Structures are given as C-alpha cells and as structure tokens.
Amino acid sequence: MGLYSTHIFPRILDWTLSDEAVAAQRRAALAPLTGHVLEVGFGTGLNLPCYPETVTELTTIDSVRMLPDRLAKRIAEAHMPIEMFLMDASERLPFADHSFDGVVTTFTLCSIEDVTSALAEVHRVLRAGGQFVFLEHGRSDDPRVAKWQDRFNPIQRILACGCNLNRRIDGLIRGSGFEIVKLERYLMPDVPRIFAETYRGLATPTAGFGQ
C-alpha cells in the first residue's frame, strides 16, 4: 500500500461521498433493512448514520482500514453493535450459510476484483427471503456515455485504486442468483455523466442457486 492509496485516496473518497445528496441516497437504499446486516466494503463508515433503527446488529468486511480515527468516531456514534472483519470480499466469508437478514453494498461492486465470487458469497450468507440492498455507480444505458466509460476506465482504475466505471451492476446481480425486486436508475446530481450513472435497488436470493 503506497502513500496515495493509504492516505490520499481514502480522504478523496470520504470527501466526495459524504455530502448530503449522497447521504439521502444511502438512507433511501438502507431503509428496508432489519435485524442482523452484513456490509460488504465498509470504507470510512459513511453508511453508519444512515441505517434505520430496525438494524439491530452490523457485521462489516473490507480489505483495508481506511482513516481509522474517522472510522472509530463514526462507530462510536452508531446505534447498533458492530463487528469488523479485515478481508477480501471475494474470499470465502467466515460465516455460516444463511447467517444474515440483510446484506449491503454501497459504491463497492465497482472495485472488487472478483466481483462474481463476492456476489456468490453474498448469496450464500443471506437467509432465504433476506434483502440485498445496493447503491452503486456503473455502466450507462446510453451507448455514447458507455463508450466514454470504456475509454476512461483504465485511467479510473489507477486514479481510484481499482474502481471500474463500466460494470453493469444489475446484470452482475441477476447473474449471481438474485431476483431484483426494485431497481432505480438515475444520475447522481452535480457529477460528470461517466461517473454519475447510479443503480439503487433491492434483490432477494433465488432458491437453489449454486447448488
């Protein structure tokens, strides 16, 4: 981990994703959740104040600890107990099958290298009838914008430490054994179009997938 990825990029990420417009999107995405929830890609803990009171326990995984002082402050202010694991989301998760009432990814599926394996694990640990909620940026449905996303993606992966602009989030989720029961597509305000394409939704696991 270099100086940029350890100290500079986490601050840029925290700053760009911490404004009220993004917080409102987080609250809307997280609103359906109840019970014990797994958050994949904890980052700097920006989701914490956006969780509803119906979430009673939170388990998190991330491959790095970003801005630990800032993260510790947000954890101290959270309303639910939190257990954190430091690991790659595409590895086999240290949880039994059907352990969680809900799973969350926010601005995370863009940067997991083996996203298919990660989503397979999300499916495995989510209980039958559980809720997978997501808030992600990804590939545009406009071919002209998608072309520019493809062109810029190699630079984006360097500048944003592995983040991809051009992943079709809904296709990845459906292809991993989920039924998307709610999907909203829109542009995040005040953001250049290639970065602004947003997928917000809720999915449930399909029975028997991967067996």
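Here, every reference points to the structure presented above.
Residues numbered from 1 in each chain as written. Predicted model: local features only at pLDDT ≥ 70, side-chain atom pairs only at ≥ 80, totals over all residues. Heavy atoms only, no water.

Caption draft 1: Looking closely at the overall build of the protein chain. The helix and strand tally for the protein chain stands at 7 helices and 7 strands. The secondary structure elements of the protein chain, listed N-terminal to C-terminal, are α-α-β-β-α-β-β-α-β-α-α-β-α-β. Scaling as 2.2 N^0.38, a compact globule of 211 residues should have a C-alpha radius of gyration of about 17 Å, and the protein chain matches this with 16 Å. Structurally, the protein chain occupies a C-alpha span of about 40 × 40 × 30 Å along its principal axes. Counting all 211 residues of the protein chain, 50% fall into the buried class. Surface accessibility of the protein chain: about 10,200 Å² in total, with carbon and sulfur atoms responsible for 56%. The distance from the centre of the 22 positive side-chain charges to the centre of the 26 negative ones in the protein chain is 6 Å. (Helix = DSSP H or I, 4+ residues; strand = E, 2+ residues; numbered from the N terminus. Rg over C-alpha atoms; globule rule 2.2 N^0.38 Å. Buried < 20%, exposed > 50% of the residue type's maximum accessible area, 1.4 Å probe, protein only. Areas by Shrake-Rupley, 256 points an atom, 1.4 Å probe, with all protein chains shown as cover. Lys, Arg positive; Asp, Glu negative; His and termini not counted. Charge placed at Lys NZ, Arg CZ, Asp CG, Glu CD.)

Caption draft 2: Looking closely at unusual backbone geometry. Unusually for a residue other than glycine, F107 sits at a positive phi of about 50°. If you trace the backbone, F107 turns up in the loop between β4 (100-106) and α4 (115-125). Given the relative accessible area of 15%, F107 is considered buried. Positive phi, normally seen in glycine, also occurs at C161, with a value near 55°. Secondary-structure assignment places C161 in the loop between α5 (143-159) and α6 (169-174).

Caption draft 3: View of a nonpolar patch on the surface. Taken together, the side chains of L3, Y4, I8, I12, I155 and L159 define a hydrophobic patch exposed on the protein surface, amounting to about 530 Å² of accessible area. Put simply, the parts of the chain that give the nonpolar patch at least two residues each are α1 (3-16) and α5. Ranked by residue count, the leading element in the nonpolar patch is α1, at 4 residues. Mapped onto the secondary structure, I155 falls in helix α5. (Patch = residues over 30% accessible without salt bridge, like charges linked within 9 Å, V, L, I, M, F, W, Y side chains within 5 Å. Salt bridge = Lys/Arg side-chain N within 4 Å of Asp/Glu carboxyl O.)

Caption draft 4: Structural context of the sheet that holds strand β5 (residues 126-137). Ordered by their spatial adjacency, 7 strands build an open sheet running β3-β2-β1-β4-β5-β7-β6, and the pairing between neighbours is mixed. A single partner strand is all that each edge strand has here, and the edge strands are β3 (82-86) and β6 (178-187). If you compare each strand with its neighbour and ignore which way they point, the axes differ by 15° on average. Here β4 pairs with β5 via 6 bridges, running parallel. Residue pairing across strands places G102 opposite Q131, the latter belonging to β5. (Pairing = 2+ DSSP bridges. Axes fitted to C-alpha atoms, helices over the stretch in contact; angles between N-to-C directions.)

Caption draft 5: Highlighting helix α2 (residues 20-30). Taken residue by residue, α2 has V22, A23, Q25, R26, A29 and L30 as its buried positions. Summarising the axial view, the buried residues of α2 lie within an arc of 160°, below the 170-degree limit, and thus occupy one face. Its buried side turned inward, α2 meets α1, β4, β5, β6 and β7 (197-205). Of the residues that open α2, the one with a side-chain oxygen 3.3 Å from the backbone nitrogen of A21 is D19. (Arc of directions from axis to C-beta. Contact = heavy atoms within 4.5 Å. Polar contact = N/O pair within 3.5 Å; in protein donor to acceptor, adjacent residues only side chain to side chain.)

Caption draft 6: Region of the structure containing the pattern of salt bridges. Applying the stated criterion to the full structure yields 17 salt bridges. Salt-bridge contacts for E184 lead to K182; the nearest nitrogen and oxygen are separated by 3.9 Å. What you see here is one network of salt bridges that share partners, running through D141, R168, R185, R193 and E197.

Caption draft 7: Examining the nonpolar core more closely. With 25 residues, the main nonpolar core has L38, V40, I61, L109, F132, F134 and I173 as its most contacted residues. Mapped onto this core, the elements with two or more residues apiece are β1 (35-40), β4, α4, β5, α6, β6 and β7. Top contributing element to this core by residue count: α4, with 5 residues. Grouped together as the second largest cluster of nonpolar side chains are 16 residues, L33, V37, V55 and V104 included. (Core = buried A, V, L, I, M, F, W, Y, C linked by side-chain atoms within 4.5 Å.)

Caption draft 8: Region of the structure containing a negative patch on the surface. Together, D88, E91, E113 and D114 make up a negatively charged patch on the protein surface. Structurally, the position occupied by E113 is in the loop between β4 and α4.

Caption draft 9: Representation of the environment of V37 in the model. By secondary structure assignment, the location of V37 is in strand β1. Owing to a relative accessible area of 0%, V37 belongs among the buried residues under this scheme. The spacing of V37 and V104 is 67 residues in sequence and 7.4 Å in space, taken between C-alpha atoms. Every residue in contact with V37, bar those within four places of it in the chain, is listed here: Y51, V55, E57, L58, T59, F100, G102 and V104.

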